[in-house]
Amino acid sequence: MKGFSALLLATCCTAMMAQAHAADLPTSVGKGEGDLNVVAWEGYADDAWVKPFEQQSGCKVHRKYVGSSDEMVALTRMGGGKGFDVVSASGDAALRLIFGKNVQPVNMSLIPAYADLMPELKEPSFNTVKGVHYGVSYEWGPNVLIWNTKTITTAPTSWSVIYDKEHTGVITVPDNPIQIADAALYLSHTKPELGITDPYELTQPQMDAVVALLKEQRPLVKKYWALASDEVDLFKSGDAQVGAAWPYQANTLRAANVPVQDTIPTEGATGWADTWMISTHAEHPNCAYLWINHVMTPKVQAQQALSFGETPANTKACAEMDAMQPGSCKQYHADASAAYFSTIKFWKTPVKQCGNGQNNCLDYAAWQRAWQQVKQ
């Protein structure tokens, strides 16, 4: 991370841009090499679409799941980045991988579904740099508030519930520095005098206020969860009754007959938009392209969306979703307008440049240090 900020602040990334020249991109997808090493969020490489892919491509999928973007970045950099082929990076990891030269430019002409992506996800700033694509936008969604409806009978409408001493010992939130943004978003509404306009652009005084809130929350937390399955287990056992989650956990728990509900509180929500990216040192590049093409098809996009509780990037997935689960396209906002998309504060890597033109915001390394202070 030490070199990340300097790289991100650089005005000219000559070496990186040279790497991205069209002449360096593959011009066709050949036969699969037989294996594919995948680093992904839990639930992103389900047998429902992995098995058909293996049969069609001849590429055996080897999965490694992670519980945070920090873990994802660390795992993809392990061994010089030679241990993986593709990774499902979220917005708070993608730029780190790009500027760390851990992922390679992608030839979008070899991804047929690219033409059908929603416009906002064709060239987002978290996976496209100076017009060069370093991945393909996959799925997106909000971070939600979840609670046990038997123990919390009045549905909460504010994030304040996870900072409330009334729920001491039954709260769970992600073990992730980007969780700071959730607290910052909450404070932007409850303490407007702090002047927080973007939860990912925090000055030192603003960060101090956020850390103070999170330190107050610390003794109330039963456990900070790493993997999504960790939170599922906490709710199943009754050790947790309220917390911050992804729709995936809520869907999984309801399928297991655990009485939970989830919502986006009145203060709004942060969210993620994930990208499939290919390792700079991919040993199975053909399988990597074959995989991305497979998971970007409307059917798989719909399967993934309904399984995880998120929204597909491929606009043609709507019909598939409704065929599998009537009404799900609208339920997951797959047909929503650009206005809805813009209401979610999507994860992005914090950097020193603030949106107001100042350079006094804290970069991701500072966020990591702040998160460790919270957990001490």
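The structure reproduced in this document is the subject of the present report.

The rules behind these values
- Residues numbered from 1 in each chain as written.
- Predicted model: local features only at pLDDT ≥ 70, side-chain atom pairs only at ≥ 80, totals over all residues.
- Heavy atoms only, no water.
- Axes fitted to C-alpha atoms, helices over the stretch in contact; angles between N-to-C directions.
- Helix = DSSP H or I, 4+ residues; strand = E, 2+ residues; numbered from the N terminus.
- Parallel < 35°, antiparallel > 145°, perpendicular 65-115°, else oblique.
- Left-handed = near helix turned anticlockwise from the far one by under 90°.
- Contact = heavy atoms within 4.5 Å.
- Pairing = 2+ DSSP bridges.
- Buried < 20%, exposed > 50% of the residue type's maximum accessible area, 1.4 Å probe, protein only.
- Arc of directions from axis to C-beta.
- Core = buried A, V, L, I, M, F, W, Y, C linked by side-chain atoms within 4.5 Å.
- Disulfide = S-S within 2.5 Å.

### Some remarks on the packing of helix α4 (residues 69–77) against helix α5 (residues 91–99)
- Where α4 meets α5, the closest approach of the two axes is 9 Å, and the angle between their N-to-C directions is 25°. Relative to α5, the element α4 lies roughly parallel. In this structure, the crossing between α4 and α5 has a hand that is right-handed. In this structure, α4 uses S69, D70, V73, T76 and R77 to contact α5, whose residues at the interface are D92, A93, R96 and L97.

### A look at the sheet that holds strand β8 (residues 171–174)
- With respect to topology, 5 strands assemble into an open sheet ordered β9-β8-β10-β7-β11, the strand pairing being mixed. The open sheet has two edge strands, β9 (221–225) and β11 (260–263), and neither has a second partner. Going across the sheet, the axis of each strand differs from the next one's by a mean of 25°, ignoring polarity.
- Where β8 and strand β10 (residues 242–245) come together, 2 bridges link them in parallel fashion. When the sheet's bridge partners are listed, I171 is paired in β10 with V242.

### Overview of helix α8 (residues 228–237)
- Among the residues making up α8, those that are buried are A228, E231, V232, L234 and F235. Along the axis of α8, the buried positions cluster into a sector of 160°, meaning they face one direction only.
- Once α8 finishes, G238 follows within two positions and takes phi at roughly 90°, a positive value.

### Quick notes on the nonpolar core
- Grouped together as the largest cluster of nonpolar side chains are 103 residues, with contacts concentrated most on W276, W291 and W367.
- Each residue touching W291, except ones within four places of it in the same chain, is listed here: L36, Y44, A45, W49, V50, F53, V61, V86 and W276.
- Formed by 11 residues, the second largest nonpolar core is a distinct cluster that contains V144, L234, A250 and L253.

### So, the environment of L185
- On the secondary structure map, L185 appears in helix α6 (residues 180–190).
- Spatially, the C-alpha atoms of L185 and G268 are 7.7 Å apart, while their sequence positions differ by 83 residues.

### Some points on the environment of N286
- Considering the arrangement of structural elements, one finds N286 in helix α10 (residues 285–295).
- Sequence separation of N286 and Q249 is 37 residues, and the distance between their C-alpha atoms is 33 Å.
- The residues contacting N286, other than those within four sequence positions of it, are V29, G30, K31, G32 and E33.

### A short note on the pairing of strand β3 (residues 86–89)
- Going residue by residue along β3, you find V86 and S88 tucked away on one face and V87 and A89 tucked away on the opposite face as well.
- Alignment of strand β1 (residues 35–41) against β3, held across 2 bridges, turns out to be parallel. Paired with V39 across the two strands is V87, which belongs to β3.

### Side note on the state of the cysteines
- Taken as a whole and assessed by the stated rule, the structure comprises 3 disulfides.
- Two residues share a disulfide in this structure: C59 and C287, whose sulfurs sit 2.1 Å from each other. Its S-S torsion of approximately -85° makes the covalent link between C59 and C287 left-handed. Linking C59 in the loop between α3 (47–57) and β2 (60–66) with C287 in helix α10, this pair joins segments that are 228 residues apart in sequence.
- A disulfide bridge connects C318 with C329, and the sulfur atoms are separated by 1.8 Å. Linking C318 and C329, the disulfide has an S-S dihedral of approximately 45° and is accordingly described as right-handed. One end of the pair, C318, is in helix α12 (residues 317–324); the other, C329, is in helix α13 (residues 328–331), and 11 residues separate them in sequence. As far as the burial class goes, C318 and C329 line up, both buried.
- When the bonded cysteines of the protein are counted from the start of the sequence, the pairing works out to 1-2, 3-4, 5-6.

### Focus: α6
- The element α6 is largely enclosed, with a buried count of 9 among its 11 residues.
- Turning to α6, its buried residues are I180, A181, D182, A183, A184, L185, Y186, L187 and S188.
- Looking at the packing, one finds that the buried side of α6 touches α7 (204–217), β12 (270–278), β14 (345–346) and α15 (364–375).

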